[in-house]
Amino acid sequence: MAQLILLRHGQSLWNASNRFTGWVDVPLSERGRAEATIASCKLRNYRVQVCFTSMLMRALETAVICLTECDEICGGKIPIIKHNADDPQWQGWDQYGGNVNDELPIIPSAALDERYYGNLQGLNKAETAEKYGEDQVYLWRRSFSERPPGGESLEDTMNRTVPFFKDRILAHIKQGENVLVSAHGNSLRSILMYLDHLSPEDVPQLELKTGVPIVYEIDAKGEVQSKVILND
């Protein structure tokens, strides 16, 4: 039985100012860094062998803080970002070979990036609701299939997150490795839909708090056996 830990990044600066963030690379706020530290303390009795994150700073920051504040989580290993030489932005970053016995890999992927909010990115959510109406903005934010102007629906997001989860992340879990996934509210909501067998009608009520770990126990067949949310 392996453990899958899903962690929404800590509060970002734009979370704090109530703005649509999407793919804008906004860092954690001071509170967000504190939330990542608290998450690390909650997970001190867990052990992680590999970590996946999005490409965005707030998810990477959260992962590194979570893995380093309490050394027990990664068994004293040093977290190291594993770069992809096939990335068009590759600059030779993967030339460091490292030592697999001393280091814990953090694997970033755009497949885990936040939902793309298109023309809404950077806008204040309350002001947007005043302009377009609360019901319309609620549909853009919470529904399964409704796309914001120029952006992705949760369904679009799921179409990239779940194949990556099944192909890359679940492979480690089936081998008995414990995995931490540090990502975003919507990219993780789509993975939770898959794991918990939720319907599109269940989506509006699905809310993930920043910095709160969700721990699944998953067997060698990839079937969920238990789930716990570490709220306290």
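Residues numbered from 1 in each chain as written. Predicted model: local features only at pLDDT ≥ 70, side-chain atom pairs only at ≥ 80, totals over all residues. Heavy atoms only, no water.

**Examining the UniProt feature "active site" (unreviewed entry) in the protein**
The line we're drawing: UniProt positions are given in the numbering used here, feature names are shortened, and annotations may be inferred rather than shown by experiment. For each residue, the accessible area found with a 1.4 Å probe, counting protein chains only, is set against the maximum for its type, and the residue is called buried under 20%, exposed over 50%, and partly exposed in between. Think of a polar contact as two N or O atoms within 3.5 Å of one another; within protein, one of them needs to be a possible hydrogen donor and the other a possible acceptor, and neighboring residues in sequence only count if both atoms come from side chains. Any two residues having at least one pair of non-hydrogen atoms within 4.5 Å are treated as being in contact.
Taking the numbering used here, the UniProt-annotated feature "active site" (unreviewed entry) corresponds to His9 and Glu114. For this annotated set, covering 106 residues, all C-alpha atoms fall within 10.6 Å of each other, a compact arrangement in space. Among the residues examined, histidine 9 registers a relative accessible area of 3% and is labelled buried. Reaching out from histidine 9, the side chain makes a polar contact with the side chain of arginine 58 at a distance of 3.3 Å. Excluding anything up to four places from it in sequence, glutamate 114 contacts Gly22, Trp23, Leu56, Arg58, Glu152, Arg160, His184, Gly185, Asn186 and Ser187.

**Let's talk about unusual backbone geometry**
Which entries qualify depends on this criterion: For the purposes of this entry, the term helix denotes a DSSP run of H or I that reaches at least four residues, the term strand denotes a run of E that reaches at least two, and both are numbered from the N terminus.
One non-glycine residue, asparagine 18, lies in the positive phi region at around 60°. Structurally, the position occupied by asparagine 18 is in the loop between helix H1 (13-16) and helix H2 (30-42). We classify asparagine 18 as partly exposed; its relative accessible area is 32%. A positive phi angle is found at histidine 197, which is not glycine, with a value near 55°. Inspection of the secondary structure puts histidine 197 in the loop between helix H7 (185-196) and strand S6 (213-218). Assessed through its relative accessible area of 68%, histidine 197 is described here as exposed.

**Some points on the nonpolar core**
Our working definition: Residues belong to a common nonpolar core when they are buried Ala, Val, Leu, Ile, Met, Phe, Trp, Tyr or Cys residues joined through side-chain atoms within 4.5 Å.
If you look at the biggest cluster of nonpolar residues, it comprises 31 residues, and the most contacted ones within it are Leu4, Leu6, Phe52, Ile169 and Val181. Looking at this core, the elements with two or more residues in it are strand S1 (2-8), strand S2 (50-53), helix H6 (154-174), strand S5 (179-183), H7 and S6. Take this core: its biggest share by element is eight residues, from H6. Non-local contacts of valine 181, meaning those with residues more than four positions away in its chain, are made with Leu4, Ile5, Leu6, Leu7, Phe52, Leu112, Ile169 and Leu188. Counting residues in each nonpolar core, the second largest holds 19 residues, with Cys66, Cys74, Leu104 and Ile106 among its members.

**Brief notes about the packing of aromatic side chains**
Heads up, the rule is: Centres within 6.5 Å make a pair out of two Phe, Tyr or Trp rings, where for Trp the six-membered ring is used; the pair is then stacked when the planes are under 30 degrees apart, edge-to-face when over 60, and tilted otherwise. Only when the NZ of Lys or the CZ of Arg is both within 6 Å of the ring centre and within 35 degrees of the ring normal is a charge said to sit over the ring.
Using the criterion set out here, one finds five aromatic pairs in the structure. Taking the centre distance of 5.9 Å and the plane angle of 80° together, the rings of phenylalanine 52 and phenylalanine 164 count as edge-to-face. Of this pair, phenylalanine 52 sits in strand S2 while phenylalanine 164 sits in helix H6, and the two are 112 residues apart along the sequence. A single burial state applies to phenylalanine 52 and to phenylalanine 164, both of which are buried. Between lysine 125 and the ring centre of phenylalanine 20, over which it is positioned, the NZ or CZ distance is 5.6 Å.

**Some words on the sheet that holds strand S7 (residues 224-229)**
As a reminder, the rule being used: Whether two strands pair depends on DSSP finding at least two bridges between them. Convention adopted: a line fitted to C-alpha atoms gives each axis, helices being fitted over their contacting stretch, and angles between N-to-C directions are expressed from 0 to 180 degrees.
Read from one edge to the other, the open sheet built from seven strands follows the order S3-S4-S2-S5-S1-S6-S7, with strand pairing classed as mixed. Whereas interior strands pair on both sides, the edge strands pair on one side only; in this sheet they are strand S3 (78-81) and S7. Between one strand axis and the next, the sheet turns through 20° on average, direction left out of account. The pairing of S2 with strand S4 (residues 103-108) spans three bridges and is classified as parallel.

**Some remarks on the pattern of salt bridges**
Opposite charge on two side chains makes pairing possible when the charged atoms of those side chains draw close. Note the following rule: By convention in these notes, a salt bridge is any Lys or Arg side-chain nitrogen within 4 Å of a carboxyl oxygen on Asp or Glu.
This model, assessed by the stated rule, comprises six salt bridges. The closest approach of N and O atoms between arginine 44 and glutamate 72, which form a salt bridge, is 3.5 Å. Of this pair, arginine 44 sits in the loop between H2 and S2 while glutamate 72 sits in the loop between helix H3 (57-69) and S3, and the two are 28 residues apart along the sequence. Using a relative accessible area of 36% as the deciding quantity, one classes arginine 44 as partly exposed. Note that arginine 160 and glutamate 152 form a salt bridge whose closest N and O atoms lie 2.8 Å from each other. One exposure class covers both arginine 160 and glutamate 152, and it is buried.

**Looking at the pairing of S7**
Bridge analysis of S6 against S7 gives five bridges, and the strand direction is antiparallel. The partner of glutamate 217 across the bridge, within S7, is serine 226. Linkage of S6 to S7, two consecutive antiparallel strands, is achieved through a turn of five residues, within which glycine 222 is found at a positive phi near 90°.

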